[in-house]
Amino acid sequence: MQKRLQAKSFTVQQAFDISPNMRRVILTGEDIRHLPANSAGQYVKLLFTPAGSTDLSTLSEGQKPVLRTFTISEFDAEQGTLSLDFVKHQHKGDISPEQGGYACHWAMHTQPGEQISLGGPNTIQGLADGSDWVLIIGDMTALPSIQLKTTHLAANSQGYVVLALSSKQDLPALQLPAGVELITVIDGEHPGNALADKVAELRWPDGKPAIWCACEFSTMRAIRQHISQQDQFDRKACYISSYWKHGVTEDGHKVIKRDDQDSYNG
Ligand SMILES: Cc1cc2nc3c(=O)[nH]c(=O)nc-3n(C[C@H](O)[C@H](O)[C@H](O)COP(=O)(O)OP(=O)(O)OC[C@H]3O[C@@H](n4cnc5c(N)ncnc54)[C@H](O)[C@@H]3O)c2cc1C
């Protein structure tokens, strides 16, 4: 288990779009040297005031910061930089504890030189070892993690990577082994739950799969229900997590996610 680090301060070096619906923010600063060499693929917490500022000195006594969770998509200890990739889900409107939008709004408006505090990093569970094939599923919020996970697949891996994207142009460059098929669905082009429907259509090869899935809460539940009914399903070789929930901020999602996990665990 990774030891949780104190919140550290970073400076925005650059912010730019890497695809129509994904914005990258590159951070730098002295505190980079406190992060482990394997930080890419781990998650951090971004800290905001309830009013949406990154200046935590404006928090009043006893007031807690608002936390938002993101994956380190790239880490370069030599250059002293780390990158975070933000899905552009909300570009306008006021930031408030009820409406949320802290992280996306910040990523869309931040400028080089701005400071932000981060907690972590902490480890995101990987693909289970010793499987016969892999099933990797995610929406845009899981792309930073999935991109890194696929670079570590063995050359003889078999299986599927199933992605829900906002547009075709949001597909990142993935180096997949020949035996791993890439399947994409474009959100909004299909009625209903396109990602869960696509996963339900898959033909399961023989043998034991290692499953990794991260996406929207209701989609995650639909996928979890389907895969847990399969004969080859082995819970120990499966990571399935919701990364966000329609109509609910991360603060509300956190509570719903915990309750769901408790009832799933029985
Ligand atoms: C371990 C982990 C790693 C994650 N890594 C990433 C990452 O690398 N990149 C990334 O973009 N996200 C990532 N997420 C998801 C991210 O934490 C949430 O999307 C978060 O809610 C965004 O915060 P916000 O302040 O922008 O919006 P919030 O204040 O949390 O929510 C405001 C409103 O926006 C909606 N909303 C939130 N996210 C989305 C979305 N993606 N699409 C559409 N509507 C949305 C909510 O339903 C709500 O109505 C990760 C989550 C986890 C748990």
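Computed from a prediction, not measured in an experiment: that's the story for all the values here. Numbers given for residues are sequential positions, taken from 1 along each chain in its written order. Residue-level local features of this predicted model are given only where pLDDT is at least 70; pairs of side-chain atoms are given and counted only at 80 or more, and the full residue set underlies all totals for whole chains, interfaces and linings. Side-chain figures throughout are based on the complete set of non-hydrogen atoms in the structure, without hydrogens or water.

In the region of the ligand, 25 residues are neighbours, and Arg68, Thr69, His89, Gly101 and Lys245 sit closest. A 3.5 Å cut-off defines polar contacts: any pair of N or O atoms within that distance qualifies, except that in protein one atom must be a possible hydrogen donor and the other a possible acceptor, and neighbouring residues in sequence count only when both atoms are side-chain atoms. Note that an oxygen atom of the ligand is positioned 3.2 Å from one of the backbone N or O atoms of Val248. Comment: elements are numbered from the N terminus, with helices defined as DSSP H or I runs of at least four residues and strands as E runs of at least two. Among the elements that line the shell around the ligand, the one with the most residues is strand β4 (residues 66–76), at 4 residues. Polar here means any residue other than Ala, Val, Leu, Ile, Met, Phe, Trp, Tyr, Cys and Pro, which are nonpolar, and Asp, Glu, Lys and Arg, which are charged; Gly is therefore polar. A class-by-class count of the residues in the shell around the ligand yields 10 nonpolar, 11 polar and 4 charged. Residue ranges for the domains trace back to a domain assignment, done automatically or taken from a database. Of the residues that make up the shell around the ligand, three or more belong to each of domain 1 (8–122) and domain 2 (133–265). Only a single heavy atom is needed: when it lies within 4 Å of a molecule or strand, its residue is near that molecule or strand.

In this section: the domain arrangement of the chain. Domain annotation for the chain reports domain 1 (8–122) and domain 2 (133–265). Every contact between the two is made by 20 residues of domain 1 and, on the other side, 13 residues of domain 2. Taken together, both faces of the contact between domain 1 and domain 2 bury some 1,200 Å²; the carbon and sulfur share is 56%. What makes a salt bridge here is a side-chain nitrogen of Lys or Arg within 4 Å of a carboxyl oxygen of Asp or Glu, nothing more. On the surface where domain 1 and domain 2 come into contact, there are 2 salt bridges. When checking whether two residues touch, look at their non-hydrogen atoms; a contact exists if any pair is within 4.5 Å. We define buried area as the total accessible area lost by two parts upon association, computed with a 1.4 Å probe and summed across both.

Fitted lines through C-alpha atoms serve as axes, helices being fitted only where they are in contact, and the angles separating the N-to-C directions of these axes extend from 0 to 180 degrees. Viewed as axis vectors pointing N to C, helix α4 (residues 217–228) and helix α5 (residues 250–265) meet at an angle of 15 degrees, and their least axial separation amounts to 12 Å. Here α4 lies roughly parallel to α5, going by the angle between them. α4 and α5 meet at a crossing whose hand is right-handed. Each of Phe217, Met220, Arg221, Arg224 and Ser228 in α4 lies in contact with α5, whose residues at this interface are His253, Ile256, Lys257, Asp260 and Tyr264. Each angle gets one of four labels, with under 35 degrees taken as roughly parallel, over 145 as roughly antiparallel, 65 to 115 as roughly perpendicular, and the rest as oblique. In a left-handed crossing the near helix is turned counterclockwise from the far helix by less than a right angle, and in a right-handed crossing that turn is clockwise.

Moving on, we come to helix α2 (residues 143–151). Here α2 has its buried residues at Leu143, Pro144, Ser145, Ile146, Lys149 and Thr150. Of the surrounding secondary structure, the elements contacted by the buried residues of α2 are β2 (22–28), β4, β5 (81–87), β7 (133–138), β8 (159–165) and β10 (209–216). Between buried and exposed lies partly exposed: a residue is buried under 20% and exposed over 50% of the maximum accessible area for its type, with that area taken using a 1.4 Å probe on protein chains only.

Before going further, it helps to spend a moment on the state of the cysteines. Throughout, disulfides are identified as pairs of cysteine sulfur atoms within 2.5 Å of each other. One pass over the structure, following the stated rule, counts 0 disulfides. Left without a disulfide partner, Cys213 is nearest to the cysteine sulfur of Cys215, which lies 4.0 Å away. Judged by its relative accessible area of 0%, Cys215 is buried.

So, on to the pattern of salt bridges. Per the stated rule, a full pass over the model turns up 12 salt bridges. Here Glu74 ties to Arg24 by a salt bridge, and the two come within 3.3 Å at their closest N and O atoms. Remark: Arg24 occurs in strand β2 and Glu74 occurs in strand β4; sequence separation between them is 50 residues. On the basis of relative accessible area, Glu74 is assigned to the partly exposed category, the value being 42%. Judged by relative accessible area, Arg24 falls into the buried class, the value being 12%. The shortest N-O distance in the salt bridge between Asp85 and Arg24 comes to 2.7 Å. Here Asp85 is found in strand β5, whereas its partner Arg24 is found in strand β2, with 61 residues between them in sequence. Linked by salt bridges that have partners in common, Asp17, Arg23 and Lys88 make up one network.

A few words now on the sheet that holds β8. What the 5 strands build is an open sheet, ordered β9-β8-β7-β10-β11; its pairing is parallel. Taken across any chain shown, the strands that pair with only one partner, and hence form the sheet edges, are β9 (180–186) and β11 (238–244). If you compare each strand with its neighbour and ignore which way they point, the axes differ by 10 degrees on average. The pairing criterion is simple: DSSP has to find at least two bridges between the two strands. Bridging between β8 and β9 involves 7 bridges; their strand directions are parallel.

Nonpolar side chains in soluble globular proteins tend to end up buried together. Buried Ala, Val, Leu, Ile, Met, Phe, Trp, Tyr and Cys residues form a nonpolar core when they are joined through side-chain atoms within 4.5 Å. Judged by nonpolar contacts, the single largest core of 24 residues is most densely connected at Leu135, Ile137, Val162, Leu195, Ile223 and Ile227. Elements that contribute at least two residues to this core include exactly β7, β8, β9, α3 (194–201), β10, α4 and β11. The contact partners of Ile137, leaving out residues within four places of it in the chain, are Ile146, Val162, Leu195, Val199, Trp212, Cys213, Ala214 and Ile223. Counting residues in each nonpolar core, the second largest holds 23 residues, with Leu84, Phe86, Ala103 and Leu118 among its members.

Let us now look at the pairing of β10. Within β10, 8 of the 8 residues are buried, which leaves it mostly tucked inside the rest of the structure. One ladder, built from 6 bridges, connects β7 with β10; its direction is parallel. Each bridged residue has a counterpart across the sheet, and for Leu135 the counterpart in β10 is Ile211. Taken together, the 6 bridges between β10 and β11 define a ladder with parallel strand orientation.

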